[in-house]
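This is what each chain is made of:
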Amino acid sequence: MSPPSTASLWRSALLCRCPSCGTGPLFARYLKVAPRCRSCGLDLAFAEHGDGPSVFVVLVAGTVVMATAMFLEVRYAPPLWVHALVLGPMAVGLCLGLLPVFKSLLVALQFRYRREDE
Ligand SMILES: [Zn+2]
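What to know about the overall build of the protein chain
A count of helices and strands for the protein chain gives three helices and zero strands. Its helices and strands in sequence order give the protein chain the pattern α-α-α, from N to C terminus. The globule rule puts the C-alpha radius of gyration for 118 residues at 13 Å, and the 18 Å found for the protein chain is more than 25% above it. Along the three orthogonal principal directions, the C-alpha set of the protein chain runs to about 55 × 30 × 25 Å. Looking at the 118 residues of the protein chain, the share that counts as buried comes to 34%. Across the protein chain, contacts joining residues at least 24 apart in sequence account for 55% of those joining residues at least 6 apart. Total accessible area on the protein chain is roughly 7700 Å²; 66% of this is exposed by carbon and sulfur atoms. Averaged over its 11 positive side-chain charges, the protein chain has a centre that lies 12 Å from the centre of its 7 negative ones.

Things to note about the nonpolar core
In this structure, Cys-16, Cys-18, Leu-26, Phe-27, Val-33, Cys-37, Leu-42, Leu-44, Ala-47, Val-107 and Phe-111 together form the largest nonpolar core, which totals eleven residues. Apart from the residues lying within four places of it in its own chain, the contact partners of Cys-18 are Ser-12, Gly-24, Leu-26, Cys-37, Cys-40 and Leu-42.

With respect to the coordination of the zinc ion
The zinc ion binds to the protein through Cys-18 (SG), Cys-21 (SG), Cys-37 (SG) and Cys-40 (SG), with metal-donor distances spanning 2.3 Å. Geometry at the zinc ion is tetrahedral, judged from its four donor atoms and the angles of 106 to 114° they form at the metal. The class of Cys-18 is buried, set by a relative accessible area of 0%.

Observations concerning helix H1 (residues 6-14)
Listed as buried for H1 are Leu-9, Ser-12 and Ala-13. Take H1 and look down its axis: the buried residues cluster within an arc of 100°, on one side only. When the buried face of H1 is taken as reference, the exposed residues oriented beyond 90 degrees from it are Ala-7 and Leu-14. Next to the buried residues of H1 lie helix H3 (80-113).

A look at helix H2 (residues 52-75)
Across its 24 residues, H2 extends 35 Å between first and last C-alpha, which sits within 8% of the 34 Å expected from 1.5 Å per residue. Elements in contact with the buried residues of H2: H3. The first or second residue beyond H2 is Ala-77, which carries a positive phi of 45°.

What counts, and where the lines are drawn
Residues numbered from 1 in each chain as written. Predicted model: local features only at pLDDT ≥ 70, side-chain atom pairs only at ≥ 80, totals over all residues. Heavy atoms only, no water. Helix = DSSP H or I, 4+ residues; strand = E, 2+ residues; numbered from the N terminus. Rg over C-alpha atoms; globule rule 2.2 N^0.38 Å. Buried < 20%, exposed > 50% of the residue type's maximum accessible area, 1.4 Å probe, protein only. Contact = heavy atoms within 4.5 Å. Areas by Shrake-Rupley, 256 points an atom, 1.4 Å probe, with all protein chains shown as cover. Lys, Arg positive; Asp, Glu negative; His and termini not counted. Charge placed at Lys NZ, Arg CZ, Asp CG, Glu CD. Core = buried A, V, L, I, M, F, W, Y, C linked by side-chain atoms within 4.5 Å. Donors = N, O, S within 2.8 Å, 3.2 Å for Na, K, Ca; no water. Tetrahedral: all angles 85-135°; square planar, octahedral: opposite > 155°, others 65-115°. Arc of directions from axis to C-beta. Expected span 1.5 Å × (residues − 1).

Listed below in structure tokens is the structure:
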């Protein structure tokens, strides 16, 4: 069996799908990885990555929120409450939306490169 292509890894990560078949859902709940793929039966017990995805989410979401804050301030100079009203929900939404994608990407990369601790 040949390893999945990089494009299919990105696709399965963006869609939160199994890194092997690309069709079965990766998560049983919001961020809980399913024990097995419902489509191909791949054992997903290898998918343990600690805090790895959250680091990348903080970097990406923080960059986007800070760029938006600077743009708003330079362009419109709104009062502080407008920043809080716009950027607060934006930061929370970005983090919650990106976490499954980055977790799925790390699972796909672990699957591709067969990284195992121990
Ligand atoms: Zn599968």
